[in-house]
Amino acid sequence: MTAVHPGTMATEQMSEAEWQARVELAACYRIFDHLGWVEMIFNHITARVPGEPGHLLINPFGLMYHEVTASNLVKIDLDGNVLSDSEWPINEAGLLIHSVIHANRPDAHCIMHTHTTAGTGVACQRDGLDPDNFYSAQLRDMVAHHDFEGITVAPEKKPRLVADLGERSLMILRNHGLLALGPTVPAAFAALWTLQRGCEIQLAAQSGGRALTPVTEEAAIRSTRESFQLGDRTESGQSLFDALRRKIDRIDPGYAC
């Protein structure tokens, strides 16, 4: 089944599944913009194209997140070849990070990478994420770490990135930022939101200059087990994402063109 949608060139046709994936991903970019998870024209969120193995959607390099729409997302393959009609290039660093993880993690339908102030601030701390707050306690044994090697454009970094990530769905890129992946866009978003909140609370708590109350190992294990992220991972985060998308539909609906 093919369809032509508003905002696409008249000659460009795509499956209905691809169009819906584009709309969902574009909505996610607007949600990030609304939350302030933006770094000018940098950073990236990618999603697989349904029914097209090895094909991804990524933001056009040069656009702010509030300018990303369903139709201007760029379709690429894992080598960075552009497969859609686009006047915009793609970010080389985004291609390297996202393509190698998509290629090596079949469960990575969506990958998100941010340079938020709180996320990068915690990434710069020697001990990384402190487990002693409500949000970080939900992420016991879920967060990987990757040492800083400069701007991520060198192909030889790929094996180390994949090895450090392992089977986890969250990663702190030391001195750099945060990364999350998931089997759906909402699942990846829920995981990243929890990590982001953990980082924000950590920095706020540390700013008081007093010792923090530790979370017991038992409580951390229980928090992770009972977290809304877990259970059926294909459904995790859906209600949260849907609520935010309804808000975006009210205040900034232009993403769906």
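Residues numbered from 1 in each chain as written. Predicted model: local features only at pLDDT ≥ 70, side-chain atom pairs only at ≥ 80, totals over all residues. Heavy atoms only, no water.

Trainee: How would you sum up the confidence of the model for the protein? Please name residues and give values.
Mentor: For the protein, per-residue confidence averages 91 on the pLDDT scale, and residues scoring 70 or more make up 91% of the total. pLDDT under 50 marks residues 1-11. Its contacts with residues more than four places away, or in other chains, come to 24 contacts. (pLDDT = per-residue confidence, 0-100. Contact = heavy atoms within 4.5 Å.)

Trainee: Give me the lowdown on the side chain of N91, citing residues and values where you can.
Mentor: When you line up the elements, N91 lands in the loop between β5 (74-77) and α2 (92-104). Note on N91: relative accessible area 12%, which makes it buried. At 2.9 Å, the side chain of N91 and the backbone nitrogen of A93 are in polar contact. Non-local contacts of N91, meaning those with residues more than four positions away in its chain, are made with F42, H44 and F61. (Helix = DSSP H or I, 4+ residues; strand = E, 2+ residues; numbered from the N terminus. Buried < 20%, exposed > 50% of the residue type's maximum accessible area, 1.4 Å probe, protein only. Polar contact = N/O pair within 3.5 Å; in protein donor to acceptor, adjacent residues only side chain to side chain.)

Trainee: An account of the packing of aromatic side chains is needed here, citing residue identities and associated values.
Mentor: For the coordinates displayed, the defined rule picks out nine aromatic pairs. Residues F42 and F61 carry aromatic rings whose centres are separated by 5.9 Å and whose planes lie at 50 degrees to one another, so their mutual orientation is tilted. Of the two residues, F42 is situated in the loop between α1 (16-35) and β3 (44-48) and F61 in the loop between β4 (55-58) and β5; the sequence distance between them amounts to 19 residues. With a relative accessible area of 25%, F61 lands in the partly exposed category. Ring centres 5.1 Å apart and planes at 85 degrees place the aromatic pair F134 and Y135 in the edge-to-face group. Judged by relative accessible area, which is 61%, F134 ranks as exposed. When its relative accessible area of 18% is taken as the criterion, Y135 is described as buried. Ring pairs connect the aromatic residues Y29, F32, W37, Y65, F189 and F241, which therefore count as one cluster. (Phe/Tyr/Trp six-rings, centres within 6.5 Å; stacked < 30°, edge-to-face > 60°.)

Trainee: Go over the pattern of salt bridges, please, and point to the residues and values.
Mentor: Side-chain pairs of opposite charge can arise where the charged atoms are in close proximity. Scanning the entire structure with this criterion turns up eleven salt bridges. R22 is the partner of E18 in a salt bridge, and the nearest nitrogen-oxygen pair spans 2.9 Å. In this pair, E18 and R22 both sit in helix α1, four residues apart, roughly one turn of the helix. Taken as a pair, E18 and R22 share a single burial class, namely buried. In this structure, the salt-bridge partner of E18 is K75, at a minimum N-O distance of 3.0 Å. Placement of the pair is E18 in helix α1 and K75 in strand β5, with a sequence separation of 57 residues. Of the two residues, E18 and K75, neither departs from the other in class, the shared state being buried. Within this structure, E18, R22, E52 and K75 form a network of salt bridges that share partners. (Salt bridge = Lys/Arg side-chain N within 4 Å of Asp/Glu carboxyl O.)

Trainee: Any details on the sheet that holds β4? Residues and values, ideally.
Mentor: Here we have seven strands laid out as an open sheet, ordered β5-β4-β3-β6-β9-β8-β7, and mixed in their pairing. Among the strands making up the open sheet, the edge pair consists of β5 and β7 (143-146). With direction set aside, neighbouring strand axes in the sheet form an average angle of 20 degrees. Of the strands in this sheet, β3, β4, β5 and β6 (110-114) touch α1, which is tilted by about 160 degrees from β3. Relative to β3, α2 is tilted by about 35 degrees, and along the sheet it contacts β3, β4, β5, β6 and β9 (177-182). (Pairing = 2+ DSSP bridges. Axes fitted to C-alpha atoms, helices over the stretch in contact; angles between N-to-C directions.)

Trainee: So, the side chain of T116: which residues are in play, and what are the values?
Mentor: Tracing the chain through its elements places T116 in the loop between β6 and α3 (117-123). Among the polar contacts listed, one links the side chain of T116 to the side chain of Q196, at a separation of 2.7 Å. Ignoring anything within four residues of it in the chain, the contact list for T116 reads W37, G121, L178 and Q196.

Trainee: Run through the environment of A26, naming residues and quoting values.
Mentor: For A26, the position within the fold is in helix α1. Note on A26: relative accessible area 0%, which makes it buried. A sequence separation of 100 residues divides A26 from R126, and the C-alpha atoms of the two residues are 35 Å apart. When near neighbours in sequence (up to four residues on either side) are disregarded, A26 contacts V68, T69, A70, L73 and Y255.

Trainee: Residues and numbers for the nonpolar core, please.
Mentor: Of all hydrophobic cores here, the largest spans 44 residues; its most connected members are F32, I45, M112, L129, F189 and L195. Secondary structure elements with two or more residues in this core: α1, β3, β6, α3, β8 (170-173), β9, α5 (185-206) and α7 (238-251). It is α1 that contributes the most residues to this core, ten residues altogether. If sequence neighbours within four positions are ignored, L129 has contacts with V122, S136, L139, V143, I172, L195, G198, C199 and Q202. (Core = buried A, V, L, I, M, F, W, Y, C linked by side-chain atoms within 4.5 Å.)

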